[in-house]
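Below, each chain spelled out in residue letters.
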Amino acid sequence: MCGSHTDSAKRKLAVLSERLREVEAEAGVDKEVPAAFDRELQRVTEEVGQTTERLRSVQIRKRALAGRSDEARQRQFAAQRAERFVGNLESALDLHRRLGSDSEFVDEVVRLKELVRQLEAELREQDVEARKRRALHAISNNAGRLLPHLDVESPNDPISLEINDLTIKVRGTERDDYLSEIGSGSNWLSYHLAVLLALHQFFLSQRRGPVPAFLVLDQPSQVYFPKRIVARPEDEEVEEVEEPQLRDEDVDAVRQAFEVMGRVALDAKGGLQLIVLDHASRDVWGDIDGVVGLPEWRNGVKLVPMAWLDEA
């Protein structure tokens, strides 16, 4: 062992060799594999190959038949759909038969069918764009009826409310102008007032309208003449404030605005309230139908009386 010639090494090698022979004998290494086994293995391998080839041929034919049987699949699908329809119909008929014996259910079915019919009718009418066009047309017509009674340069030119741009367009004979392209404060006041009143007239014409039926207007007369009250400290002497000279045409224009507001409020028959905060004197807006004057809110007199707050 490893070039050694001693007896002990030879004895150890002999022992190992003997143990190896015993292990090989137990494992059957010294036994020969019969020749019949190789032949059987070859035969089985050939059969597996042949079976695999036949299976591949069957799969090819199956795919070919499936590709040509689209019509058959359609017929099968139609038959299944018909079967489902028949099944649903039988279920519905059975439910109808069971409900037919209960008068409460029958009445409920009739009520629901009527509700469905009404909702379908509303949905057919509820073309959003068409309704929006009709609403804008109605508002423009309302404003067009008010403009001839206001101080505006072209009272007979039709207008339209452009909701996408939140402005007013005046449709003249030669061109269309947006409100921003039209000068004069009187035009601005008249168009704004006409459209605001027209909007509320339209809202009042709707059933269950969600818009509150009141409008607050702050100093519409300021376009024509300024405020005549001058603020000054309480400890100073009160100076005489000279009344501004009001032009007749300006007074007439402001009076026209109040007349239009009064007429719209009266036409609403209590359905619309207009609150106008203005410094114009009673000489301008007095004695107009539909216009009710209140005391000036000065020296503790206010829209909401202080006594109300004390009680709260």
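Above this text is the structure in question.
Residues numbered from 1 in each chain as written. Predicted model: local features only at pLDDT ≥ 70, side-chain atom pairs only at ≥ 80, totals over all residues. Heavy atoms only, no water.

### Some points on the pairing of strand β1 (residues 159-162)
Stage number 1. Side-chain alternation along β1 places Ile159 and Leu161 on one buried face and Ser160 and Glu162 on a second face that is also buried.
Stage number 2. Pairing analysis gives four bridges linking β1 to strand β2 (residues 167-171), with the strands arranged antiparallel. Bridge pairing in β2 places Leu161 opposite Ile168.
Stage number 3. Hairpin connection, β1 to β2: the antiparallel pair is bridged by four residues, and Leu166 has positive phi, about 50°. (Buried < 20%, exposed > 50% of the residue type's maximum accessible area, 1.4 Å probe, protein only. Helix = DSSP H or I, 4+ residues; strand = E, 2+ residues; numbered from the N terminus. Pairing = 2+ DSSP bridges.)

### Regarding the packing of helix α5 (residues 128-146) against helix α6 (residues 185-205)
Between two packed helices, what matters for the description is the angle formed by their axes and the separation of those axes.
Stage number 1. Close contact between α5 and α6 brings their axes to 8 Å; oriented N to C, the two are set at 125°. On the basis of the axis angle, α5 is oblique to α6. Where α5 crosses over α6, the handedness of that crossing is right-handed. Here α5 contributes Ala135, Ala138, Ile139, Asn142, Ala143 and Leu146 to the contact with α6, which in turn contributes Ala194, Val195, Leu197, Ala198, Leu199, Gln201 and Phe202.
Stage number 2. Of the residues contributing to the contact of α5 with α6, the split by class is 11 nonpolar, two polar and no charged. (Axes fitted to C-alpha atoms, helices over the stretch in contact; angles between N-to-C directions. Parallel < 35°, antiparallel > 145°, perpendicular 65-115°, else oblique. Left-handed = near helix turned anticlockwise from the far one by under 90°. Contact = heavy atoms within 4.5 Å. Nonpolar A, V, L, I, M, F, W, Y, C, P; charged D, E, K, R; others polar.)

### Here's the deal with the packing of α6 against helix α7 (residues 248-267)
Stage number 1. Contact geometry for α6 and α7: axes closest at 11 Å, N-to-C directions at 0°. Judged by the angle between their axes, α6 and α7 are roughly parallel. Mapping the contact onto sequence places Leu193, Leu197 and Gln201 in α6 and Ala257, Val260, Met261 and Val264 in α7.

### Considering the side chain of His279
Stage number 1. Mapping His279 onto the fold places it in the loop between β5 (273-277) and α8 (282-285).
Stage number 2. The buried category is assigned to His279, whose relative accessible area is 16%.
Stage number 3. Looking at His279, its side chain comes within polar contact range of the side chain of Gln219, at 3.2 Å. (Polar contact = N/O pair within 3.5 Å; in protein donor to acceptor, adjacent residues only side chain to side chain.)

### Observations regarding the pattern of salt bridges
Stage number 1. A full pass over the atoms with the stated rule returns 13 salt bridges.
Stage number 2. Arg111 serves as the salt-bridge partner of Glu108, at 2.8 Å between the closest nitrogen and oxygen. Of the two residues, Glu108 and Arg111 both sit in helix α4 (residues 103-125), three residues apart, roughly one turn of that helix.
Stage number 3. The class of Glu108 is partly exposed, set by a relative accessible area of 34%.
Stage number 4. The exposure class assigned to Arg111 is partly exposed, which follows from its relative accessible area of 45%.
Stage number 5. Here Arg255 ties to Glu259 by a salt bridge, and the two come within 3.9 Å at their closest N and O atoms. (Salt bridge = Lys/Arg side-chain N within 4 Å of Asp/Glu carboxyl O.)

### A closer look at the side chain of Lys169
Stage number 1. Turning to its location among the elements, Lys169 is positioned in strand β2.
Stage number 2. Glu162 is the oppositely charged side chain nearest to the buried, salt-bridge-free Lys169, at an N-O distance of 4.3 Å.
Stage number 3. Within polar-contact distance, the side chain of Lys169 engages the side chain of Tyr178 at 3.4 Å.
Stage number 4. Every residue in contact with Lys169, bar those within four places of it in the chain, is listed here: Pro158, Ile159, Ser160, Glu162, Asp176, Asp177 and Tyr178. (Lys, Arg positive; Asp, Glu negative; His and termini not counted.)

### Some remarks on unusual backbone geometry
Stage number 1. Despite not being glycine, Leu166 has its phi angle at roughly 50°, a positive value.
Stage number 2. In this fold, Leu166 is placed in the loop between β1 and β2.
Stage number 3. What makes Leu166 exposed here is its relative accessible area of 75%.
Stage number 4. Even without being a glycine, Lys269 presents a positive backbone phi close to 55°.
Stage number 5. On the accessibility criterion, Lys269 (76% relative accessible area) is exposed.

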